[in-house]
Amino acid sequence: MWIDDDGFYHDDYKGTYAHDVAGFDEETINDAFDGEPDAYWNID
């Protein structure tokens, strides 16, 4: 997550399944999935 120069909050993973449906936050996606939200599908 970051705030742009225009003052708006941005989430790098908004719109991905791991973020929007599974509910993982940006920190978890970065740590557990090495920043690849599509890697969520590889969890068994």
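Caption draft 1: Looking closely at a nonpolar patch on the surface. Where nonpolar side chains cluster on the molecular surface, the patch consists of Tyr 17, Val 21 and Trp 41 and spans about 350 Å² of accessible area. With respect to the element layout, Trp 41 can be found in the segment after α2 (26–32).

Caption draft 2: Broad picture of the side chain of His 19. When you line up the elements, His 19 lands in helix α1 (residues 17–20). Engagement of the side chain of His 19 in a polar contact is seen with the side chain of Asp 20, the distance being 2.7 Å. Once you skip the residues sitting within four places of it in the chain, His 19 turns out to touch Asp 11, Tyr 13, Lys 14, Phe 24 and Ile 29.

Caption draft 3: Here's a closer look at unusual backbone geometry. Even without a glycine there, the phi angle at Asp 34 is positive, about 50°. Positionally, Asp 34 belongs in the segment after α2. Overall, Asp 34 belongs to the exposed group, its relative accessible area being 66%.

The rules behind the values
- Residues numbered from 1 in each chain as written.
- Predicted model: local features only at pLDDT ≥ 70, side-chain atom pairs only at ≥ 80, totals over all residues.
- Heavy atoms only, no water.
- Patch = residues over 30% accessible without salt bridge, like charges linked within 9 Å, V, L, I, M, F, W, Y side chains within 5 Å.
- Areas by Shrake-Rupley, 256 points an atom, 1.4 Å probe, with all protein chains shown as cover.
- Salt bridge = Lys/Arg side-chain N within 4 Å of Asp/Glu carboxyl O.
- Helix = DSSP H or I, 4+ residues; strand = E, 2+ residues; numbered from the N terminus.
- Polar contact = N/O pair within 3.5 Å; in protein donor to acceptor, adjacent residues only side chain to side chain.
- Contact = heavy atoms within 4.5 Å.
- Buried < 20%, exposed > 50% of the residue type's maximum accessible area, 1.4 Å probe, protein only.

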